[in-house]
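An overview of the molecular structure
Letter by letter, the chains look like this.
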Amino acid sequence: MAFGVVLAAIAVMGVVVVTNLLALQRADHARNLEGEINQVLAVAEFRLSKQENSYRGYLLSQDPYYAERLDLHRAKFKEALEEVRAKLPADRAAPVDEAIKAADGWYANIVQVGKAMVAEGRIAEASRMVGQTGVADQFIAPVEEAIDVLRAENEAAREATRKAQAEAAQAALMAVIVGMVCALLMALAAGLVATRSIVRPTFTMIGYMQKLMAGDTAIQVQGADRKDEFGKMAQAIVAFRDAAIEKARLAAEALSQRSMSEQERAAREAEKAAEAEADRVTIEALGRGLAAMADGDLTYRIDTEFAPKAAQLKSDFNAAIAQLQQAVSVVVANIAGIRSGAGEISQAAD
């Protein structure tokens with residue numbers, strides 16, 4: 001929006017400048033046109049005076065050459081006025097018609113009448129018509145007045161175009177100055193707005209990311225509910241923070257599980273070791289019992305503490321050897337009885 005405002009200001013300034021330049025161009029074109037009209041009016045005045053001079057030359061010399069020159073200048077005079085008419089707006093063309101009409105009247109009432117007088121030999125009378133007190137000036141004066149009106153209007157139009165040209169140039173200059181000042185102020189305002197709305201949030205997001213990189217997962221990210229790019233950045237930082245928290249939790253769980261596994265393994269190994277020790281004690285005790293049995297010691301009893309799973313084996317061994325001892329005692333007693341009976345039988349036999 002800030003850059004859009006600056007561009008809009010530049011566009012408005014450009015439109016104003018172009019408008020004033022176009023007005024300056026139109027004023028320059030109008031001024032050139034009025035200058036051309038002024039030049040053509042000068043040609044018309046020159047041709048008008050040449051007509052009078054050619055007619056006076058004709059009256060002095062009666063030479064047809066001057067009559068031909070008069071007609072030539074008259075044609076050039078009308079041609080110049082028609083060119084003026086073509087360049088003038090319609091509301092300023094009336095004096096042209098008046099000049100042509102008055103010139104035709106001068107030609108009809110002075111030149112043609114004078115030529116007829118010269119043909120009749122009335123040269124002096126024809127000459128008096130163009131003299132100081134003659135009637136020729138009465139016919140030529142309206143032509144000169146019409147041309148003067150055209151020249152006055154031309155001068156007024158030239159002055160108006162000069163004034164319009166100066167005003168357009170001044171307006172274009174002022175538009176450039178005002179537009180530059182406005183564009184500069186708007187650019188400064190846009191820079192301030194950009195600083196407040198872009199740079200500050202950017203540094204805020206950078207601060208969040210630096211804290212997150214340092215391992216601070218307790219940060220409270222502001223702006224995640226914004227609808228612009230910074231809102232998306234804040235949402236991404238929140239996602240990264242949550243992912244870091246989840247990663248730390250999973251790592252802690254993995255460490256806990258690994259610790260529990262180590263404890264379980266140690267417990268299992270200790271259990272295995274205890275079982276192995278109990279088995280060793282049991283086997284050694286049974287070995288000693290069996291050795292005593294083999295040596296004929298039926299009074300041997302296992303008094304070593306066995307593991308619960310081998311306690312029955314200890315009881316069975318001790319019971320078995322006790323029964324064996326009892327059986328052997330019975331056998332020994334029976335043998336003693338037999339021996340006594342045999343002795344008595346032997347004595348009786350003797």
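Residues numbered from 1 in each chain as written. Predicted model: local features only at pLDDT ≥ 70, side-chain atom pairs only at ≥ 80, totals over all residues. Heavy atoms only, no water.

1. Some details on the overall build of the protein chain
Note the threshold: Numbering of helices and strands runs from the N terminus, with a helix taken as a DSSP run of H or I at least four residues long and a strand as a DSSP run of E at least two residues long. Radius of gyration: C-alpha atoms only; globule rule: 2.2 Å multiplied by the number of residues to the exponent 0.38. The cut-offs for exposure are 20% and 50% of the maximum accessible area for each residue type, with area from a 1.4 Å probe on protein chains only; residues under the lower value are buried, those over the upper are exposed, and the others partly exposed. Contacts: residue pairs with any heavy atoms within 4.5 Å of one another. Reported accessibility uses the Shrake-Rupley method at a 1.4 Å probe radius. Residues are deemed covered only where the shown protein chains occlude them. Counted charges follow a simple rule, with Lys and Arg positive, Asp and Glu negative, and His plus the chain ends left uncounted. Every charge is mapped to an atom, namely NZ of Lys, CZ of Arg, CG of Asp or CD of Glu.
Counting its secondary structure elements, the protein chain contains 7 helices and 0 strands. Counted from the first residue to the last, the protein chain has its helices and strands arranged as α-α-α-α-α-α-α. The C-alpha atoms of the protein chain give a radius of gyration of 71 Å, which is well past the 20 Å a tight globule of 350 residues would have. C-alpha extents for the protein chain along the principal axes are approximately 240 × 35 × 25 Å. For the protein chain, with 350 residues in total, the buried portion stands at 27%. Counted over contacts in the protein chain with a minimum sequence separation of 6, partners at least 24 positions apart contribute 65%. Surface accessibility of the protein chain: about 22300 Å² in total, with carbon and sulfur atoms responsible for 61%. Counting 39 positive and 47 negative side-chain charges, the protein chain places the centres of these two groups 6 Å from one another.

2. Focus on helix H2 (residues 64-87)
Rules: To estimate how far a helix should reach, multiply one less than its number of residues by 1.5 Å.
Over its 24 residues, H2 extends 35 Å from the first C-alpha to the last, a length consistent with the 34 Å expected when each residue adds 1.5 Å. Considered for burial, the residues of H2 that qualify are Ala 67, Leu 70, His 73, Arg 74, Phe 77, Ala 80, Leu 81 and Val 84.

3. Observations regarding the nonpolar core
The cut-off we apply is this: Nine residue types can take part in a nonpolar core, namely buried Ala, Val, Leu, Ile, Met, Phe, Trp, Tyr and Cys, and a core is a set of them joined through side-chain atoms within 4.5 Å.
Grouped together as the largest cluster of nonpolar side chains are 35 residues, with contacts concentrated most on Phe 77 and Val 143. If you list the elements that add at least two residues to this core, you get helix H1 (2-61), H2, helix H3 (94-119), helix H4 (123-129) and helix H5 (136-213). No other element matches the 11 residues that H3 contributes to this core. Non-local contacts of Phe 77, meaning those with residues more than four positions away in its chain, are made with Ala 44, Arg 47, Leu 48, Gln 51, Ala 103, Val 143 and Ile 147. If you look at the next biggest cluster of nonpolar residues, it comprises 9 residues, including Met 205, Leu 212, Val 221 and Ile 237.

4. Here's the deal with H3
The end-to-end C-alpha distance of H3 is 36 Å, a good match for the 38 Å that 26 residues give at a rise of 1.5 Å each. Directly beyond the C-terminal end of H3, a positive phi value near 85° is found at Gly 121.

5. A look at the packing of H2 against H3
Heads up, the rule is: Working convention: axes come from line fits to C-alpha atoms, limited for helices to the stretch in contact. Angles between N-to-C directions cover 0 to 180 degrees. If an angle is under 35 degrees, it is roughly parallel; if it is over 145, roughly antiparallel; if it lies from 65 to 115, roughly perpendicular; otherwise it is oblique. The residue classification treats Ala, Val, Leu, Ile, Met, Phe, Trp, Tyr, Cys and Pro as nonpolar and Asp, Glu, Lys and Arg as charged. All others, Gly included, are polar.
At a minimum axis separation of 10 Å, H2 and H3 run at an interaxial angle of 170°. Between H2 and H3, the crossing angle belongs to the class labelled roughly antiparallel. Each of Ala 67, Leu 70, Asp 71, Arg 74, Phe 77, Lys 78, Leu 81, Glu 82, Val 84 and Arg 85 in H2 lies in contact with H3, whose residues at this interface are Val 96, Asp 97, Ala 99, Ile 100, Ala 103, Asp 104, Tyr 107, Val 111 and Lys 115. Its residues placed into classes, the contact of H2 with H3 shows 11 nonpolar, no polar and 8 charged.

Read these as geometric descriptors, not functional statements.
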